[in-house]
Structure formats: structure tokens, C-alpha cells
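Residues per chain, in single letters:
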Amino acid sequence: MRPLNRIVPAAPVGAFQTYRIVSPPDRAVRSACEDVGCPAWQYGWETQVDESTDLGRAQAAYIRQQAGRTYRERRTGEGLTVFQFMSGQRCFAEHHTRPEHYLVRGGDWRRDLGLIRQHSRGADWVEDFSLHQDRLADQQRKG
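Residues numbered from 1 in each chain as written. Predicted model: local features only at pLDDT ≥ 70, side-chain atom pairs only at ≥ 80, totals over all residues. Heavy atoms only, no water.

S.K.: Teacher, can you tell me more about the sheet that holds strand β4 (residues 71–75) here?
M.R.: Within a beta sheet, neighbouring strands are joined by backbone hydrogen bonds and run either parallel or antiparallel to one another. Pairing is antiparallel across the open sheet formed by 3 strands, whose spatial order is β3-β5-β4. Edge strands, defined here as strands with exactly one partner in the open sheet, are β3 (45–49) and β4. Across the sheet, the mean angle separating the axes of adjacent strands is 20° when strand polarity is ignored. (Pairing = 2+ DSSP bridges. Helix = DSSP H or I, 4+ residues; strand = E, 2+ residues; numbered from the N terminus. Axes fitted to C-alpha atoms, helices over the stretch in contact; angles between N-to-C directions.)

Laid out in C-alpha cells, this is it:
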């Protein structure tokens, strides 16, 4: 691996903030459809069931009596039952994501001065970073 060629900044370490996103290795957590951008949650979906089979009857019974989701039901010409589920509700899949930690730390690559704050959402971290960049740009314009 080639060594990094870094220019030593003119300001002291304490004048810097480091924005990092850290994901713990080999760890997955169960996630909601909305959080993973699930197309079924976003647009809705259809499930076709053949109620002439034992499996189909069991699936239809589950959807009607236990699933707890909003749907419309119709029959096709081939005798299948189609359950049309509305968007904005949890689908039947189990989603997993890797957790992310959105960190703002004091210092730079020379020295870590500790955690300033940890955001719970990526959008908040992006907004914080953007506001920080705006402050730096304003300071640079002022001289």
C-alpha cells in the first residue's frame, strides 16, 4: 500500500472537525420497509394465490385473518385470488441493513480530539456538514 501524501494544515488540530460515517463490520439489523426504500412499501404490491391448493388456502387465510394489512381482493379468469396491497405498509419480506453511525469529531487526521456529536439520521449529518461548509465559506470570504 502506498503511503498517503498529506499536506500539513496551517491551522492547529483544534480548528478542524472530521465528519465520518462508520458501519460496524459483520452486523446486520432488521429494518423497516421505509428505511430501506422497499418498492412494495413505496408503490404497493400484488400477491396471487391459488386457493385450489392447501398452500394457497393457507396463504389466503393468513392474509385475510392475521396479516393486518390493507388490501383489495379480486378473482382472475383463471380462478386465482389476487390481493392488492396499498402502498405505505410493511411488506411480507424481512429487510436487513447495516447500522451506520453518523459522527462529528474534533480534530483531523493528525489527532482525534473526541466526539462532538453523533447524529441518529443521515439527513441530520448531511445538514450539519452543509452548515459547517457554509460557515467555512463565509469565513473565507470575510478573510
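S.K.: For this particular structure, what's the right way to read the packing of aromatic side chains?
M.R.: The description of an aromatic ring pair uses the distance of the two centres, along with the angle that the planes make with each other. Using the criterion set out here, one finds 9 aromatic pairs in the structure. Centroid distance F85 to F92: 5.4 Å. Interplanar angle 85°. Geometry classified as edge-to-face. Taking the relative accessible area as the measure of exposure, F85 reaches 3% and is therefore buried. Summarising the aromatic geometry, the rings of W125 and F129 are spaced 6.0 Å apart at their centres and angled 15° between planes, so their arrangement reads as stacked. (Phe/Tyr/Trp six-rings, centres within 6.5 Å; stacked < 30°, edge-to-face > 60°. Buried < 20%, exposed > 50% of the residue type's maximum accessible area, 1.4 Å probe, protein only.)

S.K.: How should I be thinking about the side chain of D108 in this particular structure?
M.R.: Examined against the element boundaries, D108 turns out to sit in strand β7 (residues 101–108). Judged by its relative accessible area of 13%, D108 falls in the buried class. For D108, the side chain forms a polar contact with the side chain of R110, separated by 2.9 Å. (Polar contact = N/O pair within 3.5 Å; in protein donor to acceptor, adjacent residues only side chain to side chain.)

S.K.: So what exactly am I meant to see when it comes to the side chain of E51 here?
M.R.: Examined against the element boundaries, E51 turns out to sit in the loop between β3 and α3 (54–65). Apart from the residues within four sequence positions on either side, E51 is in contact with G56, R57, A60, R64, R75 and T81. (Contact = heavy atoms within 4.5 Å.)

S.K.: Hey, could you run me through the pairing of β4 in this one?
M.R.: Strand residues, when the strand is regular, have side chains that alternate between the two faces of the sheet. Looking at chain direction, β4 and strand β5 (residues 81–85) are connected through 5 bridges and run antiparallel. By the bridge assignment for β5, R72 is matched with Q84. Counting the residues that bridge the hairpin from β4 to β5 gives 5 residues, and of these G79 lies at a positive phi of roughly 90°.

S.K.: I tried to follow the sheet that holds strand β8 (residues 111–119) on my own but got confused; where do I start?
M.R.: The strand order across the open sheet built from 3 strands is β1-β7-β8, with neighbouring strands paired in antiparallel fashion. Single-partner strands in this sheet number two, and they are β1 (17–22) and β8. Each strand of the sheet is rotated relative to its neighbour by a mean of 30°, with strand direction disregarded.

S.K.: Sorry if this is basic, but what is going on with the nonpolar core here?
M.R.: Side chains of nonpolar character tend, in soluble globular proteins, to be buried together. The biggest cluster of nonpolar side chains holds 10 residues, and these are C33, C38, A40, W45, V49, A60, I63, F83, F85 and C91. Apart from residues no more than four positions distant in its own chain, W45 is found in contact with A40, R69, F83, Q84, F85, M86, Q89, R90, C91 and F92. (Core = buried A, V, L, I, M, F, W, Y, C linked by side-chain atoms within 4.5 Å.)

S.K.: Honestly, the pattern of salt bridges in this entry has me stumped. Any pointers?
M.R.: Applying the stated criterion across every chain, the model contains 10 salt bridges. Across the pair E51 and R64 runs a salt bridge whose closest N-O atoms are separated by 2.9 Å. Residue E51 is located in the loop between β3 and α3, and its partner R64 is located in helix α3; the two are separated by 13 residues in the primary sequence. By relative accessible area, R64 is classed as partly exposed at 34%. The shortest N-O distance in the salt bridge between R141 and D138 comes to 2.3 Å. Of the two residues, R141 and D138 are both situated in helix α4 (residues 122–142); the distance of 3 residues between them amounts to about one turn of the helix. Several salt bridges converge on common partners, so that one network encompasses E51, R64, E73 and R75. (Salt bridge = Lys/Arg side-chain N within 4 Å of Asp/Glu carboxyl O.)

All we've got here are geometric facts, nothing functional implied.
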